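# Analysis of the macromolecular model
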Amino acid sequence: MDYQNLQIQHQDGIAIVTISREKALNALNAQTIQELRHFFGTDAPQQAELLGVVLTGAGEKAFVAGADITEFKDLSAAEGAALAQRGQEVFFLIERFPKPVVAAVNGFALGGGCELAMACHLRVAGEKARFGQPEVNLGLIPGYGGTQRLIQYVGKTKAMELLMTADIIGANEAHQLGLVNTVVPLGAEIETAIGLIKKIATKAPLAIAKIIETVNTYFEPGSAGFVKEVDAFGECCNTVDFREGAAAFLEKRAPNFKGN
Ligand code: DAK
């Protein structure tokens, strides 16, 4: 595949995948989701010697500032649910990838960006990294597994708070909550992520693959929550408030929600 939005470099057997839409703060548009699907579903599985993957965002400002709001403002309920379903599948590909995938979070990881980081096995945060699920500001809920994975990492109490207030938290709070594995100085994110993968590469590869599979299984008791999220996301897409929320963001003003 000819990647337009992913830059892929190899270093010491590790793929460094950079989401490169810096002007839109690396927001995940359909093309980027498709490229992630191709990399984790087709390219990377064919690379037998690959030790692991580092996922990061271009520039100093953002890891990924969410799904691309310009693309999903006119979705119907059915289209929204279908897109959420397809997006969830890509994030499951990442979560189930049999070699370590480490997010090197260099800036904003919001909405779909926070969800992407959470789908990775480990998260290294630069000290300026910021995390949040601000979908309710748009009249939406997370659609890429965020309602499920955030609970896994920070527990129900804090997940409810973050999902309902849309608060954005810094790297140190994310570390205290268990959302990230480590916080490093600005600029050291990728190097630290590579170091983690190299350490894991000294262990037995099949055992590592089984760890990933087994730990993931603990968190998928029927996956009812993920299915519910797809349906609920679709229902939100069909509301007047969602159209208002997306329009308000694009017009750079506060939304005026009516509850319908
Ligand atoms: N989408 C598209 N463009 C974005 C963007 C996004 N998520 N985030 C930022 N940009 C663009 C801005 O519009 C701006 O473009 P220009 O005006 O320069 O053309 C440029 O990036 C720089 O952003 P700002 O000017 O806003 O920069 P600031 O430093 O002032 O603010 C910020 C940075 C990260 C706080 C701010 O940009 C911001 O609040 N961004 C939006 C955060 C957010 O709400 N993210 C989306 C959450 S909702 C789906 C499944 C899941 C989802 C959606 C669909 N389906 C299944 C369909 C998930 C949804 C989300 O992620």
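Refer to the structure presented above.
So, a few notes on the structure that sits alongside this text.

Helix and strand counts for the chain stand at nine helices and 10 strands. Against the compact-globule benchmark of 18 Å for 260 residues, the chain has a radius of gyration of 17 Å, which places it among compact chains. Taking all contacts inside the chain whose residues are at least 6 apart in sequence as the whole, residues at least 24 apart take part in 74%. Here the chain holds 23 positive side-chain charges and 29 negative ones, and the gap between their average locations is 2 Å.

This part is about the sheet that holds strand β10 (residues 182–184). Think of a sheet as strands paired side by side through backbone hydrogen bonds, with each pair either parallel or antiparallel. Spatially, six strands are ordered β1-β2-β3-β5-β7-β10 in an open sheet, and the strand pairing comes out mixed. In this open sheet, the two edge strands, each paired with only one partner strand, are β1 (6–11) and β10. The sheet shows a mean angle of 20 degrees between the axes of neighbouring strands, direction not considered. Pairing analysis gives three bridges linking strand β7 (residues 122–126) to β10, with the strands arranged parallel.

Before going further, it helps to spend a moment on the packing of aromatic side chains. If you walk through the whole model with that rule in mind, you get four aromatic pairs. When the centroid spacing of 4.9 Å and the interplanar angle of 45 degrees are considered together, the rings of Phe-91 and Tyr-144 count as tilted. Here the residue Phe-91 occupies a position in helix α2 (residues 77–95), and Tyr-144 occupies one in the loop between β8 (130–132) and α4 (146–165), the gap between them amounting to 53 residues. Both residues of the pair, Phe-91 and Tyr-144, belong to the buried class. The structure contains a cluster of three or more aromatic residues connected by ring pairs, namely Phe-39, Phe-40 and Phe-97. Lying over the aromatic face of Phe-92, Arg-96 brings its terminal NZ or CZ to 4.3 Å of the ring centre. We note Arg-149 situated over the ring of Phe-92; from NZ or CZ to the ring centre the distance is 5.3 Å.

With that out of the way, let us pick up empty space enclosed by the protein. Under the counting rule described, the total for this entry stands at one cavity of 30 Å³ or more. Estimated volume of the largest cavity: approximately 30 Å³. Around the largest cavity sit Cys-114, Phe-131, Gly-132, Gln-133, Leu-150, Leu-162, Ile-169 and Leu-179, which together line it. Elements supplying a minimum of two residues to the lining of the largest cavity: β8 and α4. Looking at the lining of the largest cavity, its residues break down into six nonpolar, two polar and no charged.

Reading the values: rules and limits
Residues numbered from 1 in each chain as written. Predicted model: local features only at pLDDT ≥ 70, side-chain atom pairs only at ≥ 80, totals over all residues. Heavy atoms only, no water. Helix = DSSP H or I, 4+ residues; strand = E, 2+ residues; numbered from the N terminus. Rg over C-alpha atoms; globule rule 2.2 N^0.38 Å. Contact = heavy atoms within 4.5 Å. Lys, Arg positive; Asp, Glu negative; His and termini not counted. Charge placed at Lys NZ, Arg CZ, Asp CG, Glu CD. Pairing = 2+ DSSP bridges. Axes fitted to C-alpha atoms, helices over the stretch in contact; angles between N-to-C directions. Phe/Tyr/Trp six-rings, centres within 6.5 Å; stacked < 30°, edge-to-face > 60°. Buried < 20%, exposed > 50% of the residue type's maximum accessible area, 1.4 Å probe, protein only. Lys NZ or Arg CZ within 6 Å of the ring centre and 35° of its normal. 1 Å grid on protein atoms, 1.4 Å probe; cavity = no way out; pocket = protein on both sides within 12 Å on 5 of 7 lines; lining within 4 Å. Points joined across faces, edges and corners; volume = space filled by probe spheres on them. Nonpolar A, V, L, I, M, F, W, Y, C, P; charged D, E, K, R; others polar.

Treat this as a map of the structure, not an account of what it does.
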